[in-house]
Amino acid sequence: LSYTSHYSVLKDECLEFLVQEDNKNPYYADLTFGGGGHSFALLESNQSARVLSVDQDPEAYSNGIQIIKKNGFSDRIQILPTNFINFPIEFRKLNLGIEGFDGILMDLGVSSHHFDSIERGFSFRANARLDMRMNTNSSDDTAEDIINDLDEKELADIFYQYGEERYSRRIAARIIEERKSKRITQTSELENIVFHSYPKPKRHGRPHPATRVFQALRIYVNKELLVLEEVIPQLIPLLNPGGRLAIITFHSLEDRIVKHSFKNIAGEYNNIRILTKKPIIPTEEEIHHNFRSRSAKLRVIEKKA
Ligand SMILES: C[S@@+](CC[C@H](N)C(=O)[O-])C[C@H]1O[C@@H](n2cnc3c(N)ncnc32)[C@H](O)[C@@H]1O
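Everything numeric in this text was worked out from a predicted model, so none of it was measured.

Engineer: Would you mind going over the pattern of salt bridges with me for this structure?
Structural biologist: Note that side chains of opposite charge can pair when their charged atoms are close. One pass over the structure, following the stated rule, counts 17 salt bridges. Residue lysine 180 pairs with glutamate 177 through a salt bridge whose shortest N-O separation is 3.2 Å. A residue is classified by how much of its surface remains accessible, and lysine 180, at 63% relative accessible area, is exposed. Look at glutamate 177 and you get partly exposed, because its relative accessible area is 48%. Here aspartate 255 makes a salt bridge to arginine 299, at a shortest N to O gap of 2.7 Å. Highlighted residues: aspartate 255 in helix H12 (residues 252-268) and arginine 299 in strand S7 (residues 297-303), separated in sequence by 44 residues.

Shown next, in the form of structure tokens:
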């Protein structure tokens, strides 16, 4: 599958916060390159802007290398194939000759490319092996490992905590039952188990019963909440005076972490202030063009100049 062109969520709103007219040579960091939409918008906002990008997905990285060349941006952007938790260390290793960044952006979670690449196992729309790792080169457990190796309570907790799934216990019990006869390896098998764990009248509701379990597994496989919570405080020293950190989240669990981290940081450092009292959300028009943006929330903090 060629790389799905990604509709960049809240792009104008991000630019409004990150592009500051009086800054002639801004240096940005985009910690979630994906299809590169935000990175390229930042590069286009100013002919001397530079960007250091990150993506842990090997496909996003190799596609990124190609489109950076194709768009003629090779001299102003580079991309690192790593988890953004490693960003502070990797940045320092690069010795770019800068102290920090004028803007840092995170557009969290998986991209539409992940859902569209059926073989990656993120979606139950078609059958595939249960993988769900964003970094397919890592030795981390896949969704298959987790579904087959964890005990009933651990599974129920994952579905409840990361998916807010109310039938988490019934689903976990059914998985344990199925596992007795064979290993569960396919997205369709898991989808089927969840479907039949739901009470009959609820099976055909929307969203599809498997949605929350798949979300929960994906978050767990990629340790999404853990790396987010851990990295935010480490980004503060990497902001230049006047620099801003902008984070886009897609569900309440992530947004809660960003909101609380920002509050704590603003309380701890008197040179940090929160620019978004309420999170910025997409316009009706954006939601109409890109349904996935409906749950997006943008929060921004600034290091005072
Ligand atoms: C929503 S997409 C970003 C889309 C991008 N802003 C654009 O405009 O095309 C999120 C991307 O971040 C990457 N990603 C998510 N978590 C990551 C992490 N912890 N470290 C590095 N990359 C991560 C994913 O692989 C995915 O490509």
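There is more to say after this.
Engineer: How should I be thinking about the side chain of serine 53 in this particular structure?
Structural biologist: If you trace the backbone, serine 53 turns up in strand S2 (residues 50-54). The exposure class assigned to serine 53 is buried, which follows from its relative accessible area of 0%. In contact with serine 53, other than residues within four places in its own chain, are Asp30, Phe33, Ser39, Ile77, Gln78, Ile79 and Leu80.

Cut-off values and rules
Residues numbered from 1 in each chain as written. Predicted model: local features only at pLDDT ≥ 70, side-chain atom pairs only at ≥ 80, totals over all residues. Heavy atoms only, no water. Salt bridge = Lys/Arg side-chain N within 4 Å of Asp/Glu carboxyl O. Buried < 20%, exposed > 50% of the residue type's maximum accessible area, 1.4 Å probe, protein only. Helix = DSSP H or I, 4+ residues; strand = E, 2+ residues; numbered from the N terminus. Contact = heavy atoms within 4.5 Å.

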